[in-house]
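What follows is each chain in one-letter form.
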Amino acid sequence: MKSITKQKPFDEIKEQLDRFDRVYITGCGTCATMTRTGGREEVMDMKGRLEELGKLVTGSTVIPTACDEMTEVAISEDKGAIQNANCILVMACVLGVHRVSLYIDKPVIPALDTLFIGVEDSPGDFREVCAQCGQCVLGETAGICPLTACHKGLLNGPCGGTNNGKCEVDREKDCAWTLIYQRLEAQGRLDLMRKYHAPRNSNVTLSPRMIKITSQA
Amino acid sequence: MAPSFREILNSGNFVVTSEIGPPKGTNIEKMLHHIDLLKDKVAALNVTDHQSSVMRFPSLGGCLAIKERGGDPILQMTCRDRNRLALQAELLIAYTRGIRNVLCLTGDAVPVGDHKEAKGVFDLDSVQLLRAIRQMESGKDLGGNDLDGAVEFCAGAIVTPEARPIEPQLIKFEKKVESGAEFFQTQAVYDLDNFAEFMQYARKFPVKILAGIVLLVSARMARYMNENVPGIFVPQYLIDELASAPKGEAVNRGIEIAGQMIATLKKESLCDGVHIMAIGREELVPEIMEVAGLSSSKSQT
């Protein structure tokens, strides 16, 4: 699983930092490093840009995996610099922002927008593969998620907007149902495409979603 | 009493429907004019539901106007803008106001329209919406609760005979049939050989097929549709024909093409009827029907 992020427009970051003159920056050594949005290089680049704005960057770190509990340890190692700052700019996905805000009682500002959970098809090409709906249908759709890969999230086959295997919203995007059809046909499982899927349960896990896992079912 | 749309569909006569595009705004004069012009000439009139995801006066509002003026409306319902509560609620209003025909569609994607940042709903899809109607007819809502007064609709859907690849579309077509679709209005057809092939397949199913006829008003429009509208293919010879028309005459050539096509479909009994879409030029529908040799009465012979 990878959290795919994109850096916020610099003007927005600037505006959010407007009232703070001393900033501590944290990046993330995992997903945000892979997406080149919050690795060492990007953190250094941000440091330079903030200094150009006249901010004092009191310190910076790239937490190995900003979403896990080791973040607390990583942060404690740079206590002085953090103490000296009046806000923390987090160049990680929302999970990292969330973690950091648990451990530091100072304003936490996200520098990135978290876009989706996805995979990297080729260097720099990221694609969403799961919408975390809680009712996985991949077993019946040849491993391609219609909820995620179809713009409309259709469960019962393609809409009329498909054109030569492409989607009506963007000619660069494949029609999920054309792909599903081709793969099911190749597997000799086209009968699955004829199966009726009832309306989805949008509340499989009641929002705000949380769960206590007590034993393996 | 005038025969219902379902009775007309099952009469064995060649059925003609057309559609009304509601305005963006509260000036409904033109829409009412189109309704008055067409309501007695066709078996039933569709009203589009924010066509191409462009916000407009709603289908339900247009259908009520058709009812008030003595016509028979076909309520177009897309799944784009309403969740299952809102869709069912709208069906309840429609039924109580005498609307008896519904066309179930997925709906165009939000980003192709004029409110690109809006949230697309798609809580149901077209197949599920057809089943929702049949369930409500049994007196239960989608939550399994009793309705105090059920609905009854002649329910239809759409199919795109020119889509490529066609097989996934045909599987969906069959799902719609199994889910209770009684009639289909197709996406625009221009290649009658391809359409005949589709009909040979579709004839196996107990549904009525109305071929979609979209009026071509210029060679430019035809090229645009080929480029931009999924599932529409205007053959080159028709584009040439429109392009060769003298200035200002292309629209008449388009009327001729549409009328002749309808006449051929009827003469060769290729399908059960046609659905004429003039897209903003509804006042030309009677001329198309005239070229096609269709009498101006609700039940064609």
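Keep in mind the model is a prediction, meaning the values are calculated, not measured.

> Can you tell me about the overall build of chain A, naming the residues and giving the values?
Check the secondary structure of chain A and you find eight helices and nine strands. The globule rule puts the C-alpha radius of gyration for 217 residues at 17 Å, and the 22 Å found for chain A is more than 25% above it. The principal-axis extents of the C-alpha atoms in chain A amount to approximately 65 × 45 × 25 Å. By the burial criterion, 41% of the 217 residues in chain A qualify as buried. Partitioning the contacts of chain A with sequence separation of at least 6, the portion at a separation of at least 24 is 61%.

> Now, about the interface of chain B and chain A: what can you tell me, with residues and values included?
The partner chain A presents 29 residues to the 30 residues of chain B that form the contact. At the boundary of chain B with chain A, total buried surface from both sides reaches about 2500 Å², with 53% on carbon and sulfur atoms. Broken down residue by residue, the surface that chain B buries against chain A is led by Ile171, Lys175 and Pro230 of chain B, which jointly contribute 22%. Glu174 of chain B serves as the salt-bridge partner of Arg194 of chain A, at 2.8 Å between the closest nitrogen and oxygen. Our count for the chain B to chain A interface comes out at 16 residue pairs in polar contact (both at pLDDT 80 or more). Of all elements in the fold, only helix H5 (126-137), helix H6 (167-178) and helix H8 (219-228) of chain B reach the threshold of two or more residues within the side of chain B that touches chain A. Split into classes, the residues belonging to the side of chain B that touches chain A amount to 11 nonpolar, eight polar and 11 charged.

> Quick one: what's the story with the nonpolar core, residue by residue and with numbers?
If you look at the biggest cluster of nonpolar residues, it comprises 89 residues, and the most contacted ones within it are Phe173, Tyr190, Phe198 and Leu265 of chain B. It is helix H10 (residues 250-267) of chain B that contributes the most residues to this core, seven residues altogether. Core analysis: the second largest hydrophobic core is formed by 34 residues, Val62, Ile75, Ala92 and Ala111 of chain A among them.

Thresholds, definitions, all that
Residues numbered from 1 in each chain as written. Chains lettered and ligands numbered in written order. Predicted model: local features only at pLDDT ≥ 70, side-chain atom pairs only at ≥ 80, totals over all residues. Heavy atoms only, no water. Helix = DSSP H or I, 4+ residues; strand = E, 2+ residues; numbered from the N terminus. Rg over C-alpha atoms; globule rule 2.2 N^0.38 Å. Buried < 20%, exposed > 50% of the residue type's maximum accessible area, 1.4 Å probe, protein only. Contact = heavy atoms within 4.5 Å. Buried area = accessible area lost by both parts, 1.4 Å probe. Salt bridge = Lys/Arg side-chain N within 4 Å of Asp/Glu carboxyl O. Polar contact = N/O pair within 3.5 Å; in protein donor to acceptor, adjacent residues only side chain to side chain. Nonpolar A, V, L, I, M, F, W, Y, C, P; charged D, E, K, R; others polar. Core = buried A, V, L, I, M, F, W, Y, C linked by side-chain atoms within 4.5 Å.

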